[in-house]
Each structure stands twice: as structure tokens, then as C-alpha cells.
Amino acid sequence: MGCTYKYKEVILNRLLLSGNEAIALGAFEAGVMVGTGYPGTPSTEILENLTTYPGLYTEWSVNEKVAFEVGIGSAISGARTLVTMKHVGLNVAADPLFTSSYVGVKAGLVIVNADDPEMHSSQNEQDNRNYAYAAKVPMLEPSDSQEAKEYTKKAFEISESYDTPVILRTTTRVSHSKSIVIPQALQARNKAAIGFERNLEKYVMIPAFARLRHIEVEKRMQRLKEDVNRFDINRIEINDTKLGIITAGICYTYVKEVFPKASVLKLGIVNPLPADLIREFCTKVDSVYVVEELDPYFEIRIKAMGIQIEGKKYIPITGELNPDIIRKSLRIAGYKSKKTLKEGLKTSLKLPPRPPLLCPGCPHRAVFTVFKKLGLTVTGDIGCYTLGVLPPFNAMDTCIEMGGGIGVAQGIEIAQGEKRHGKTVAVIGDSTFAHSGITGLLNAAYNKRSSLIVVLDNGTTAMTGMQPNPLSGERINGEETIKLDYKKLAHAVGIGEDNVRIVDAYKPEDIEEAIDSLLKSKALSLLVVKGLCVILKRRRKRA
Ligand SMILES: Cc1ncc(C[n+]2csc(CCOP(=O)(O)OP(=O)(O)O)c2C)c(N)n1
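Here, residues in each chain are numbered from 1, in the same order as that chain's written sequence. In view of the model being predicted, local features appear only for residues whose pLDDT reaches at least 70, and side-chain atom pairs are presented and counted only at 80 or more, with totals across whole chains, interfaces and linings using the full set of residues. Note that the side-chain values use all heavy atoms of the structure and ignore hydrogens as well as water.

## Topic: the pattern of salt bridges
A side chain with one charge can pair with a side chain of the opposite charge if their charged atoms come near.
Then comes step 1: Any Lys or Arg side-chain nitrogen found within 4 Å of a carboxyl oxygen on Asp or Glu counts as a salt bridge. This model, assessed by the stated rule, comprises 30 salt bridges.
Then comes step 2: We note a salt bridge from K136 to E218, for which the minimum N-O separation is 3.0 Å. Of the two residues, K136 is situated in the loop between α6 (129-135) and β6 (139-140) and E218 in helix α10 (residues 207-227); the sequence distance between them amounts to 82 residues.
Then comes step 3: Partly exposed describes any residue whose relative accessible area lies between the buried limit of under 20% and the exposed limit of over 50%, with all areas from a 1.4 Å probe on protein chains only and scaled to the type maximum. For E218, a relative accessible area of 34% corresponds to the partly exposed category. We count a stretch as a helix when DSSP gives it H or I for four or more residues in a row; a strand needs E for two or more, and each element gets its number in order from the N terminus.

This is how it looks when you write it as C-alpha cells:
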């Protein structure tokens, strides 16, 4: 999507920004010095925007775990740091997340986690509010772009006041919808605070020190549990007291549209929950419903407080919510009152389904035609090339998570034994290979597997909008950098000269010949199919 405005245009004015653009602006206003991340819808544009601001460092890291670790390093050295990723990225970064909660920060560390209810561009839908609770890390959730900016700044303040990383949770509709944002003056960067200071008990998490830090974490959460009742980002709006709704994030805007006269408790912080405020709200209204997307996260916790509420009995647990779904759900719950229920616009317009397809001229096309012709079992991965599963190719058999296909191929070969040995290939894109495929390759080499790994190198991270990666020789700002050498990498894990091949993506005969001979060799092999993404090629021609 890219940046739709320039920082110089940020005069004291009003801007129409997406949530992602607003987060970047909020981080800039907060004096952020470092931004790291790994692309993933719906979070990608945050870092792309942040890169356009002056006087700060940004990078696409090779994956979310490394992005988080770089973020810990810069934050404990006194630089306010923003780390961005999509929801499944937090699975990859979960290891540093949980221990960063113990270690804390020096300057603010804010992690933007973008959830994707409805799986617009994801392999699963998970509710990452659960991560904040499990890792004992505060989490804020904005409802629109203005809040996205303000909550980013608030998150930096909380991070520093309570010595903790803070997660800012968005969902697709907040990340990508545009609304008015009022820019503000920039906070001065605290350059004097820069510098890593040795503090073994805080930064070296051996059990003896970690046990002490865990106590600190519990004390901090206890302090926060009290304080959040006074945070102005939580708000009680008393109207008609017959119906009370507790909600947060994008659901707040849906609730206001459907039930403009209802009383609402809008939660700006979703971990820890403001228990006193919730109790106060519930005593002021006759009945309380929780409107939340995905898991019954609020519902479980509020019921555990002994308060009678309803939620998932009426509101769906899967997919995205929208005003129509909320209207229908609470109608079933008995809220038909014309006084509170505002009928929405009819949205019965039916759009023809448009299944995604590989682009005409895409360099991934030929290889899937060959896979199909040879009747191979193909363990796939995530990227544009996952579309190889669809007609006319029908040439992918598994796809689990980024980097997973290489391991899955090994498991299939182990289980099937010699009989069908040599008929399975793992296919993976260049960005995904750098993200988490290389460890799978190393595992195959170490455990003497004889898999064939096919890397589809189109020179970019195409699926998320053409971000450079360690195989494309360019950094986030266009600066030239190293390009991982496939042959040297293959040799480093013991793959012989004959078992590493690089072929042209537009020469199907060469691809077929290479696959055929590498499968016959019965030794661990790496085939790189190279051809620049057609969209990138077109863009470069125009530039
Ligand atoms: C853990 C995780 N992080 C990020 C993503 C978002 N994502 C999906 S595929 C992909 C990379 C695709 O690039 P590449 O492997 O080069 O394949 P291409 O799309 O270029 O064919 C990314 C970043 C994801 N699904 N999971």
C-alpha cells in the first residue's frame, strides 16, 4: 500500500489516515528511534510508512522473532522501539515475548500485533489477546485511526512507566480503514538516555535471576490492575440503562452504529482488565452483553468476576463481526426495541466470487505445471505460490505455516519409507526460505534426509506487496546489501556440487530435467527456480 502522505505535510492539520499510517505517525510523534518487523497482512504498511520519517532506523528483519529480539536490544539500550507483525508472527516471536516481560525495558518497547479475523490473508484466525494475558504484558486496542495514533503514544508511556513491553493490538478493519487523524507536535527524543548499562539480575534470565524477575512481573501487573481503572482510554458512556454493552476495538464502532442509545463500556486496555470499572458499569445497567470478535476473552474474565453477562451465546465465535451480525445476534437475545435498535443500510448486494489466481506471466507457473505432470507429492508453504494448490495446477498437498513445508516433507518421507521415497518435494518462496526455511534445510542435512527442496526465487516478498528480503540484495530503504548465496549455503550444509541447481523459471524443460535428476540422486538436494515477479518487473520498468 505504501505511504499516502509525506511527513512534511504533517502540519497542524487533519489527515485522512489508515490505522497503519496512524500508528507510524504516533510512533514518530512519540520520538521512536528504531522500527523493526516482518511483513504480514494487515500490519505491513506500518513499517513502510515509518521508513519515510527522518532520523530513525528501520529494518525488515528476517522473521518476527529476530525483529522482536532486535527490539529488545534497542529498547534496553534506551531507544524507543516499535516492532510490527501480523498475528501469526507473534507465534514466531512468542519465545522472546514471554521473557521480555521479565526483562522489561529502558526506553519504551511497543509491539504492534495485527490480528486478521475472517482470515482475509492468513492461514488461521487466532485471538492474540490471549498472548497478552499469558505473557503478562499490557495490551491496548484502538477503534479507529485517531486512537491508533494516540494509543501508540500511550503504549510508549505505559511501557516506560511500568518497565514492560506493551502490545498494541489491531484487527484488519482498524489497520486498513481510513479516518480522520489530528497530528500533534513531536516529542523530543531522549538521546541522553541512550546506552546499554550492565544489569545482570535484570537482563540475564538464568533461573536464579528469573525467579526474582517473575516476582517483579506479578507486582507490576498488580499495580497495573489497580491503575487501569483510572486510565482515560477506558470509557463508560451512560445512555439508555436497559441495555449495557462491553466492547473494544472495531466492535465499538459497530455497536455505536447499531445501538446508538445503549450504554457502553469501551475498553481501551484489554490486558489487564479494569475490574472496578467493569463492576461499576454493570451496576448501572439492567443487562450486559459483551460484543467481541473471536474468543470470549472478556466474557470468560467478567463471568469469573461473578457478574452475569451474555456474549458468545448470541455473538459468533468465528469470523469477523459487522453491524448486521451484531444487530441480528442481539435481536435473538431479545433486543428488538425501536428505541435502541437502529436499522442499518441494506447490504444485500451480491458480488461475484473472485478466487485468487497466479498472475499471467508469473514465474511460479511453470514449476507447478511440472509438479503436476510428474505427479509429485508437494509440501507447500505460504506465499503467492500457495495458489499452486488451485486449478489449473492442483499441485500442492500441504501448507501449514511459514517455513513448515520443508519439515513436513521430511516427516512424510520418514513415515512412507522407501516405497514412495523420492516422490515428495518441498516448495518454498525466497522470503519464506530466509524467514524459517533454512532451519528446515539444516535439519534435513543433520538427520541425513534426502529431500528435494525447491526454492521459488522471484526476487521479492510478493504476497505482502514487494518487500525486499535477504535474497533480493536490498534493504527496506532501497539500500544495497548482501544477497544470500544459495550454492555456498548448500555447500555449507554438506550438499554436493551436483545436488544444488539454479534454473530459469521460464524454462519448464530445464525445471523438469533438474527435478527428475535430483529426485534420482536420492541425496539431499536444493533446486532454485529463479524469475523476477512480473509485477515487480513492470514497476521497475515504469520507474
Ligand atoms: C509467521 C508469518 N509471518 C508473516 C506472514 C505473511 N506472509 C505470508 S507469505 C509471506 C512471504 C511471501 O514471500 P515469498 O516466500 O518470497 O513468496 P512470494 O509471495 O514472493 O511468492 C509473508 C510475509 C505469515 N503468513 N506468517
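## Observations regarding the sheet that holds strand β17 (residues 500-504)
Then comes step 1: On the basis of which strands lie adjacent, the open sheet formed by five strands has the order β14-β15-β16-β18-β17 and parallel pairing. Since the sheet does not close on itself, it has two edges, and those belong to β14 (377-379) and β17, each with one partner. Pairs of neighbouring strands in the sheet enclose a mean axial angle of 25°, with direction left out of account.
Then comes step 2: Taken strand by strand, helix α15 (residues 365-374) contacts β14, β15 (424-429), β16 (452-457) and β18 (525-530), and its axis lies near 155° from that of β16.
Then comes step 3: Pairs of residues are marked as contacts when any of their non-hydrogen atoms sit within 4.5 Å. Axis definition: a line fit to C-alpha positions, over the contact stretch in the case of helices; interaxial angles, taken between N-to-C directions, run 0 to 180 degrees. Against the sheet, helix α16 (residues 404-416) contacts β14, β15 and β16, and its axis sits at roughly 175° relative to β15. Note: two strands are recorded as paired if DSSP finds a minimum of 2 bridges between them.

## Thoughts on the site of the ligand
Then comes step 1: One heavy atom within 4 Å of a molecule or strand is enough for the residue carrying it to be called near that molecule or strand. Taken together, 26 residues lie near the ligand, and E64, H364, D430, T432 and A462 sit nearest.
Then comes step 2: Definition of a polar contact: a pair of N or O atoms within 3.5 Å, with one able to donate and the other able to accept a hydrogen when the atoms are protein atoms, and with sequence-neighbouring residues admitted only if both atoms are side-chain atoms. Between the ligand and T432 there is a distance of 2.6 Å, counted from an oxygen atom to a side-chain nitrogen or oxygen.
Then comes step 3: One of the backbone nitrogen or oxygen atoms of A462 is found 2.8 Å away from an oxygen atom of the ligand.
Then comes step 4: When isolated, the ligand has an accessible area of 590 Å², and the protein chains bury 98% of it.
Then comes step 5: Among the elements of the structure, α4 (87-92) and α17 (430-446) are those that each provide at least two residues to the shell around the ligand. Calculation of accessible area relied on Shrake-Rupley with a 1.4 Å probe; when residues are assessed, cover is drawn exclusively from the protein chains displayed.

## Structural notes on the packing of helix α7 (residues 145-162) against α10
Then comes step 1: The N-to-C vectors of α7 and α10 enclose an angle of 130°; their axes lie 11 Å apart at closest approach. As judged from the angle between their axes, α7 and α10 are oblique. For the pair α7 and α10, the crossing hand works out as right-handed. Counted together, I158, S161 and Y162 of α7 and R220, R223, L224 and D227 of α10 form the full contact between these two elements.
Then comes step 2: As a working rule, the residues Ala, Val, Leu, Ile, Met, Phe, Trp, Tyr, Cys and Pro are called nonpolar, Asp, Glu, Lys and Arg charged, and the rest polar, with Gly in that last group. Per-class residue counts for the contact of α7 with α10 are three nonpolar, one polar and three charged. Working definition: roughly parallel below 35 degrees, roughly antiparallel above 145 degrees, roughly perpendicular at 65 to 115 degrees, and oblique for all remaining angles. Left-handed describes a crossing in which the near helix is turned anticlockwise from the far one by less than a right angle; the clockwise case is right-handed.

## Considering unusual backbone geometry
Then comes step 1: For the bond from T41 to P42, the omega torsion is 10°, close enough to zero to count as cis.
Then comes step 2: Tracing the backbone shows P42 in the loop between β2 (34-37) and α2 (45-50).
Then comes step 3: Between P391 and the following residue, P392, the backbone shows a cis peptide bond with an omega angle of 5°.
Then comes step 4: Checked against the element boundaries, P392 lands in the loop between β14 and α16.
Then comes step 5: Of note, M466 is a non-glycine position whose phi angle comes to about 75°, a positive value.
Then comes step 6: With respect to the element layout, M466 can be found in the loop between β16 and α18 (486-492).

## Some thoughts on the confidence of the model for the chain
Close inspection of predicted coordinates is inappropriate in any region flagged by low pLDDT.
Then comes step 1: With 94% of its residues at a pLDDT of 70 or more, the chain has an overall mean of 93.
Then comes step 2: Note on residues 337-341: pLDDT under 50 across the span, and 13 contacts to partners over four residues away in sequence or across chains. Each residue gets a pLDDT score, which is the predictor's confidence in that residue and runs from 0 to 100.

## Here's the deal with the sheet that holds strand β13 (residues 287-291)
Then comes step 1: Spatial strand order, β9-β11-β10-β13: four strands in an open sheet with mixed pairing. Of all strands in the sheet, those with a lone pairing partner are β9 (235-237) and β13, marking the two edges. Here the average twist between neighbouring strands, direction ignored, is 20°.
Then comes step 2: Sheet strands in contact with helix α11 (residues 249-258) are β9, β10 (240-248), β11 (262-267) and β13, and its direction is about 150° off that of β10.
Then comes step 3: Contacting β9, β10, β11 and β13, helix α12 (residues 275-284) runs over the sheet at an angle of about 155° to β10.

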